[in-house]
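Letter by letter, the chains look like this.
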Amino acid sequence: MSTVRRCVTGALVTGVLALYGGAPAFAEDEISIDHVDTDRGTVNLLLSTDGLPEGSEVDPSQVFVELNGSSVESSAKLVDAGDIDRSTVIVLDASNSMKGQGKFAAATTAINAFLDSAPEDVAIGLVAFAGEVTTTVSPTIDHADVRQALADVKLAKGTSVYDGIVEGVKLLQNDGSRNLLVLSDGADTGSDMTIEVATADAKEAGVVVDVVSLVQGAKSDELATVATDTNGSVIPADPTALTSVFNERAAALSQQLLVTFEAPYASGEDANIDVVVESGGTQYHDTAFATLGPGFAVPDVVDSGKALIGNTGMLLGAGALAIGLFGLLATALISAGDNRPQSVKQLEAYFNGTPAATKGKKPKATPSDLKGSAVSVANKFVSEDLETKISQRLSGAGSSFTASEWVLVHAGIAFAGGLVGLIMGGIPLSLLGLLLGIVLPWVYLKFKHGRRLSAFNAQLAQTLGLMAGGLQAGLSLPQAVDTVVREGHEPMAGELRRALVEQRLGVDITDALDGVGDRMESDDFAWVVMAIRIQREVGGNLAEILHTVADTLREREYLRRQVKALSAEGRLSGYILTGLPPLIFFYMTFANPDYVALLYTTLPGYIILGVALFLLGLGSFAMAKLATVEV
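All of these numbers come straight from a predicted model, not from anything done at the bench.

Undergrad: Would you mind showing me how to read the sheet that holds strand E11 (residues 177-184) here?
TA: Remark on secondary structure: sheet strands pair via backbone hydrogen bonds, oriented parallel or antiparallel. A sheet is described by the order of its strands in space; here six strands give the open sequence E10-E9-E8-E11-E12-E13, paired in mixed fashion. Both outer strands of the open sheet, strand E10 (133-140) and strand E13 (234-236), are each paired with one neighbouring strand and no more. With direction set aside, neighbouring strand axes in the sheet form an average angle of 15 degrees. One ladder, built from seven bridges, connects strand E8 (residues 86-93) with E11; its direction is parallel. Bridged to Ile 90 within E11 is Leu 181.

Right, dumping it as structure tokens:
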């Protein structure tokens, strides 16, 4: 729906005179543009003709429209049901002052006559007020509901006319032509709302307020102000003439015309609309200044404005894009082939129990050559100590990546996160994405390692029982380990398979088992290996030792689970309290960026952010220590 502002100007009148030859005389205020509605370039205009001289007939073909001084082709017809929504709310004064001179009885009679005469498609509502609003009926085409509510209205003390107007405006929420018809006999005496608020609400909602005043003089001036500011009118009346006034209002609704035309391009969003009706040799006109809405002017291809990212940011973004694409490409090619040395592939095949590649078989050319080149480049940036540490963590997590492959994938994820942040929110969000890309892969790797370690420790007591049973049956220690490999479950079976392969390649069985404890970072398994070493040095019944250790580990595992259950609330509180501030910050960055922009665009914001991160880290560390119980 578009807003309408009337502005009768001499220039427009002159233009219309020139258009129609100037012979007929113009008359003003006999017709009025009540509403303008636009829909994809089609303009529907509601025109009231009740002000024409008595006996005048309106021929729809004699209705003409000018838009910004240029004639446009239009059509006109009497409004039918469904053409355009029309709503009217009657705001009735039900104060005790309406008792005198039979004013209230005359008012109810006039409103009932209006309900009988108004077109059936006009939705009518009711607001009755005294010291407060007492009755409200939303606009409805079932006029009997309004009539019933009107019959139940009782007079009371006070006059809150402005509250009644505000309540009536609230009821007029639908699109289309909306009108407020206020009937009162006095000035406001106790509204919570002011005249300024009532006027502003009506103007903002595009509601026309017409006032039927039963009193003249200073008391009616304030309501006249509301009517004037909303392009409405003031109708002075006495109680005996109320029925005639309301019948005329109903007749005016029946005589409204719907004028339709297509707004041409380049007519502008704001346009002067001049409507001329010719009747009986006289031309009647009204002018409105209407906001037709977007889509009527030719749109700009580029909406110029301040760049979100400067030259430096664009260069950094281009670099991040190149490196990120390189990392993603390498990640995609990791599974395409295997460029490791032949000896490493044979050993890995032996560990996994799969046949090695056939000797002398000519390798096929695959896209993995590019991946191998990328891994070779990554090898140069990975030191021996770092490679050992990463390899140990990857092995413990059950990952098939090498250290160089992991570094390459990690770099690709980090730069991809920075690139996504740059695209979505500029440099600050790019830094956040880069930070998340650096941290999250390590968090994920630690999470996988932790889950695998928990499963490994949970299987340890059962594994020792199987090994002890094998030893009691006369098997050697390697044979007992092989029994677990064949009958056990992952991850225990996989780790012991690797230890068994190492033993068959010449590594001492205790050293191979010690490697399992180092890879899994399991203190419990390290104690088992220590017990085996001591038994091999001083002698004794190894099966009995393993049974004893298994019982001890079983009790420790039970105690560990009990402690974990008891500390679950504290750990969950720590996770929530630590994760909630970053999550809220991340959400507000998208939902209301201006609200948090000060934190990363100003120096005090950087200081506050740094202090907040320090305190958050300190609190997270303290809660982690409080919720951690070593068993």
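This is not the end of the story, as more comes after the structure.
Undergrad: What is the right way to look at the pattern of salt bridges in this model?
TA: Proximity of charged atoms lets side chains of opposite charge pair with each other. The final tally for this structure, using the stated rule, is 15 salt bridges. Asp 482 is the partner of Arg 486 in a salt bridge, and the nearest nitrogen-oxygen pair spans 3.0 Å. Of this pair, Arg 486 and Asp 482 both sit in helix H14 (residues 477-487), four residues apart, which is roughly one turn of that helix. The shortest N-O distance in the salt bridge between Arg 554 and Asp 551 comes to 3.1 Å. Here Arg 554 and its partner Asp 551 are both found in helix H18 (residues 542-566), three residues apart, which amounts to about one turn of the helix. Its relative accessible area of 43% is what places Asp 551 among the partly exposed residues. One network of salt bridges, with partners in common, ties together Asp 524, Arg 556, Glu 557, Arg 560 and Arg 561.

Undergrad: For this particular structure, what's the right way to read a nonpolar patch on the surface?
TA: A cluster of nonpolar side chains, Leu 603, Tyr 606, Ile 607, Val 611, Phe 614, Leu 615 and Leu 618, forms an exposed patch at the surface whose accessible area comes to about 750 Å². Residue Phe 614 is classed as exposed on the basis of its relative accessible area, which comes to 55%.

Undergrad: Help me understand the sheet that holds strand E3 (residues 32-39) in this model?
TA: With antiparallel pairing, the four strands of this open sheet are ordered in space as E3-E4-E14-E7. Each edge of the open sheet is held by one strand with a lone partner, namely E3 and strand E7 (74-78). Put simply, the sheet's adjacent strands are angled 20 degrees from each other on average, direction ignored. Across five bridges, the pairing between E7 and strand E14 (residues 257-262) is antiparallel.

Undergrad: Teacher, can you tell me more about the pairing of E14 here?
TA: Working note: regular strand, side chains alternate between the two faces of the sheet. The pairing of strand E4 (residues 42-48) with E14 spans six bridges and is classified as antiparallel. By the bridge assignment, Asn 44 is partnered in E14 with Thr 260.

Undergrad: I tried to follow helix H15 (residues 492-504) on my own but got confused; where do I start?
TA: Owing to its 3.6 residues per turn, the α-helix brings residues three or four apart onto one side. For H15, with 13 residues, the first-to-last C-alpha span of 18 Å sits near the 18 Å given by 1.5 Å per residue. Of the residues flanking the end of H15, it is Gly 506, one or two places downstream, whose phi is positive at about 115 degrees.

Undergrad: How should I be thinking about the environment of Leu 45 in this particular structure?
TA: Summarising the element assignment, Leu 45 is placed in strand E4. Since its relative accessible area comes to 0%, Leu 45 is described here as buried. A sequence separation of 215 residues divides Leu 45 from Thr 260, and the C-alpha atoms of the two residues are 6.2 Å apart. Sequence-distant contacts of Leu 45, that is, excluding residues within four places in its chain, are made with Ile 33, His 35, Val 36, Leu 257, Leu 258, Val 259, Phe 261, Ile 273 and Val 275.

Undergrad: I would appreciate a short explanation of the pairing of E4 in the present structure.
TA: Burial within E4 is extensive, with six of its seven residues counted as buried. Of the strand pairs in this sheet, E3 and E4 are connected by seven bridges, and their pairing is antiparallel. Bridge pairing in E4 places His 35 opposite Leu 46.

Undergrad: For this particular structure, what's the right way to read unusual backbone geometry?
TA: Across the chain, the bulk of peptide bonds are trans and the bulk of non-glycine residues have phi less than zero. Here the residue pair Glu 490 and Pro 491 is connected by a cis peptide bond, since its omega of 5 degrees sits within 30 degrees of zero. Its place among the elements puts Pro 491 in the loop between H14 and H15.

Undergrad: Explain the side chain of Thr 287 here, please?
TA: Inspection of the secondary structure puts Thr 287 in strand E16 (residues 282-291). Overall, the relative accessible area of 0% leaves Thr 287 in the buried class. Among the polar contacts listed, one links the side chain of Thr 287 to the side chain of Asp 274, at a separation of 2.4 Å.

Undergrad: Sorry if this is basic, but what is going on with the packing of aromatic side chains here?
TA: Both the distance between ring centres and the angle between the ring planes are used here to describe each pair of aromatic rings. Counted under the stated rule, the structure contains two aromatic pairs. When the centroid spacing of 5.1 Å and the interplanar angle of 75 degrees are considered together, the rings of Phe 586 and Phe 590 count as edge-to-face. Of this pair, Phe 586 and Phe 590 both sit in helix H19 (residues 568-591), four residues apart, roughly one helical turn. Phe 586 sits in the partly exposed class, given a relative accessible area of 39%.

Undergrad: When you look at the environment of Ala 512 in this model, what are you seeing that I'm missing?
TA: When you line up the elements, Ala 512 lands in helix H16 (residues 509-520). Residue classification places Ala 512 among the buried positions, given a relative accessible area of 0%. With 16 residues separating them in the primary sequence, Ala 512 and Leu 496 have C-alpha atoms 8.7 Å apart. Among all residues touching Ala 512, those that are not within four sequence positions of it are Ala 499, Glu 502 and Val 507.

Undergrad: Got a minute to help me understand H16 in this structure?
TA: An ideal rise of 1.5 Å per residue puts 16 Å on 12 residues; H16 measures up with 17 Å between its terminal C-alpha atoms. Across the 12 residues of H16, nine count as buried, placing the element largely inside the fold. Along H16, the positions that sit buried rather than exposed are Ile 509, Thr 510, Ala 512, Leu 513, Gly 515, Val 516, Gly 517, Arg 519 and Met 520. Looking one or two places after H16, you find Glu 521, whose phi comes out positive at around 55 degrees.

Undergrad: I tried to follow the side chain of Ser 191 on my own but got confused; where do I start?
TA: Mapping Ser 191 onto the fold places it in the loop between E11 and helix H5 (195-205). There is a polar contact of 3.5 Å between the side chain of Ser 191 and the backbone nitrogen of Val 161. A distance of 3.2 Å separates a polar atom in the side chain of Ser 191 from the backbone nitrogen of Tyr 162. Here Ser 191 is in contact with Ser 160, Val 161, Tyr 162 and Asp 163, once residues within four sequence places are set aside.

Scoring rules and cut-offs
- Residues numbered from 1 in each chain as written.
- Predicted model: local features only at pLDDT ≥ 70, side-chain atom pairs only at ≥ 80, totals over all residues.
- Heavy atoms only, no water.
- Pairing = 2+ DSSP bridges.
- Helix = DSSP H or I, 4+ residues; strand = E, 2+ residues; numbered from the N terminus.
- Axes fitted to C-alpha atoms, helices over the stretch in contact; angles between N-to-C directions.
- Salt bridge = Lys/Arg side-chain N within 4 Å of Asp/Glu carboxyl O.
- Buried < 20%, exposed > 50% of the residue type's maximum accessible area, 1.4 Å probe, protein only.
- Patch = residues over 30% accessible without salt bridge, like charges linked within 9 Å, V, L, I, M, F, W, Y side chains within 5 Å.
- Areas by Shrake-Rupley, 256 points an atom, 1.4 Å probe, with all protein chains shown as cover.
- Expected span 1.5 Å × (residues − 1).
- Contact = heavy atoms within 4.5 Å.
- Polar contact = N/O pair within 3.5 Å; in protein donor to acceptor, adjacent residues only side chain to side chain.
- Phe/Tyr/Trp six-rings, centres within 6.5 Å; stacked < 30°, edge-to-face > 60°.

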